[in-house]
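Examining the three-dimensional arrangement
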Amino acid sequence: MNRLPSHLHLDSGWALEVWAAGLWVLMAALYSSAAVVSSRKYKPWPLYRHLCWHAGLACALAAVAGPIADRAHDDFTAHMSGHLLLGMLAPLLIALASPMKLLLRTLPIAYSRRIARVLTSRPIRLLHEPLIAAVLNVGGLWALYTTNIYTWMHHHISVHVLVHLHLFLAGYLFTISIVYIDPTPYRTSFLYRAIVLVTAMGGHAVLSKHIYARPPAGVPAAQAETGSMLMYYGGDAIEIMLVWLFCWQWFKAERSGTLVPERLLHRK
């Protein structure tokens, strides 16, 4: 299998891990500090959101730094473990932490309204569209594993960084476009989101089977088989959590009869 040149892997890879660890500490500290500040003005920030945030950051960090990240350069199964952590589990956990709601209720009202105007802008609204988010997420994976991008990311550190950044951001956008944890100014129907979710799950499953039959360039058949099986069954496990959360929200909305979008600046 193609792997990063030794100097690139040792030097740039080490620097990236340091940056990733530093960013992890910063994001963990900022979230905890914001929770303390907001809890002085409103009701205490739920403990489970703290746990989701830190668990999500830990999953993301494990995918880009440490043993899994090191092995991913020449082990497709380890690479796929990182994909599941960074592109699926971390986005779900971080979405459950509701970082935007925490930010909006922590900042002064004037700044919150400025952020609200950005969130209601047309570009953000397009990115929050479930179909577009699904194309960016699942379509990006198809592009990664069926073109030369997978090979390039093992030879060019810039591509390596961009791929991992895309995995997380696309996964997060898709998650928050399906389940509404944070306040959002634009909501689509449950039926529409259900159709997009099932279609995206199908696209992910078909891709895993495609990888099993036609591995990316440089990936041994044995590693492709185990990696694709991990992608298929591991992805199913995380998707079941997403489906359960989505169905719970749908049931709750139908039972209460409140299918009206909540206000963006809701602070409780």
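Residues numbered from 1 in each chain as written. Predicted model: local features only at pLDDT ≥ 70, side-chain atom pairs only at ≥ 80, totals over all residues. Heavy atoms only, no water.

Turning our attention to the overall build of the chain. Counting its secondary structure elements, the chain contains 12 helices and zero strands. Secondary structure elements of the chain, listed N to C terminal, follow the sequence α-α-α-α-α-α-α-α-α-α-α-α. When the 268 residues of the chain are sorted by exposure, 44% land in the buried category. Within the chain, contacts between residues at least 6 apart in sequence are counted, and of these 80% link residues at least 24 apart. For the chain, the computed accessible surface area is about 13900 Å², with 70% contributed by carbon and sulfur atoms. (Helix = DSSP H or I, 4+ residues; strand = E, 2+ residues; numbered from the N terminus. Buried < 20%, exposed > 50% of the residue type's maximum accessible area, 1.4 Å probe, protein only. Contact = heavy atoms within 4.5 Å. Areas by Shrake-Rupley, 256 points an atom, 1.4 Å probe, with all protein chains shown as cover.)

Next up on the list: the nonpolar core. Core analysis: the biggest nonpolar cluster contains 57 residues, and Tyr145 and Phe174 have the highest contact counts within it. Contributing elements (two or more residues each) for this core: helix H1 (6-41), helix H2 (47-64), helix H4 (76-96), helix H8 (130-146), helix H10 (157-178), helix H11 (190-213) and helix H12 (221-256). Considering every element that reaches this core, the biggest residue donor is H4, with 12 residues. If near-sequence neighbours (up to four positions away) are discounted, Phe174 is found in contact with Ala133, Ala134, Asn137, Val196, Leu197, Ala200 and Leu242. (Core = buried A, V, L, I, M, F, W, Y, C linked by side-chain atoms within 4.5 Å.)

The next thing to look at is the packing of aromatic side chains. As enumerated under the stated definition, the model contains nine aromatic pairs in all. Between Phe168 and Tyr172, the aromatic rings sit 6.2 Å apart at their centres with planes inclined by 15°, giving stacked as the arrangement. One end of the pair, Phe168, and the other, Tyr172, are both in helix H10, four residues apart, so they sit about a helical turn from each other. Here Phe168 matches Tyr172 in class, with each residue buried. (Phe/Tyr/Trp six-rings, centres within 6.5 Å; stacked < 30°, edge-to-face > 60°.)

Turning our eyes to something else, we now look at the confidence of the model for the chain. In the predicted model, the chain carries a mean pLDDT of 87, and the fraction of residues at 70 or more is 90%. Ranking the elements of the chain by mean pLDDT puts H1 last, at 76, and H11 first, at 96. Here residues 1-8 scores under 50 on pLDDT; set against residues more than four positions off or in separate chains, the count is 34 contacts. Within the model, the stretch residues 260-268 combines pLDDT values under 50 with 30 contacts to residues more than four positions away or in other chains. (pLDDT = per-residue confidence, 0-100.)

This paragraph deals with a nonpolar patch on the surface. A contiguous nonpolar patch, built from Val118, Ile124, Leu126, Leu127, Ile132 and Leu136 and spanning about 420 Å² of accessible area, is present on the exposed surface. Broken down by secondary-structure element, the contributors of at least two residues to the nonpolar patch are helix H7 (122-127) and H8. Looking at the nonpolar patch, the element that brings in the most residues is H7, giving three residues. Examined against the element boundaries, Leu136 turns out to sit in helix H8. (Patch = residues over 30% accessible without salt bridge, like charges linked within 9 Å, V, L, I, M, F, W, Y side chains within 5 Å. Salt bridge = Lys/Arg side-chain N within 4 Å of Asp/Glu carboxyl O.)

With that out of the way, let us pick up the pattern of salt bridges. Any two side chains of opposite charge can pair, so long as their charged atoms come close to each other. Applying the stated rule across the entire model yields one salt bridge. Asp75 serves as the salt-bridge partner of Arg71, at 2.8 Å between the closest nitrogen and oxygen. Judged by relative accessible area, Arg71 falls into the partly exposed class, the value being 48%. Residue Asp75 is classed as buried on the basis of its relative accessible area of 17%.

Now for the packing of H2 against H4. Where H2 contacts H4, the two axes come as close as 8 Å, and the packing angle between them is 160°. Accordingly, the angle class assigned to the pair H2 and H4 is roughly antiparallel. Seen along the crossing, H2 lies across H4 with a hand that is left-handed. Across the interface between the two elements, Tyr48, Arg49, Cys52, Trp53, Ala55, Gly56, Leu57, Cys59, Ala60, Ala62, Ala63 and Val64 from H2 touch Gly82, Leu85, Leu86, Leu89, Ala90, Leu93, Ile94 and Leu96 from H4. A class-by-class count of the residues in the contact of H2 with H4 yields 17 nonpolar, two polar and one charged. (Axes fitted to C-alpha atoms, helices over the stretch in contact; angles between N-to-C directions. Parallel < 35°, antiparallel > 145°, perpendicular 65-115°, else oblique. Left-handed = near helix turned anticlockwise from the far one by under 90°. Nonpolar A, V, L, I, M, F, W, Y, C, P; charged D, E, K, R; others polar.)

On to the packing of H8 against H11, then. Running from N to C, H8 and H11 point in directions that differ by 5°, and their axes come no closer than 10 Å. Judged by the angle between their axes, H8 and H11 are roughly parallel. Of H11, the residues touching H8 (which contributes Pro130, Leu131, Ala134, Val138, Leu141, Trp142, Tyr145 and Thr146) are Tyr192, Arg193, Val196, Ala200, Gly203, His204, Val206, Leu207, His210 and Ile211. Considered class by class, the residues forming the contact of H8 with H11 number 13 nonpolar, four polar and one charged.

Attention now moves to the side chain of Asn137. Counting through the fold element by element, Asn137 comes out in helix H8. Here Asn137 is in contact with Ala170, Gly171 and Phe174, once residues within four sequence places are set aside.

At Ser98, a residue that is not glycine, the phi angle is positive and equals roughly 50°. You can see Ser98 is positioned in the loop between H4 and helix H5 (99-106). Of the residues examined, Ser98 reaches a relative accessible area of 0% and is grouped as buried.

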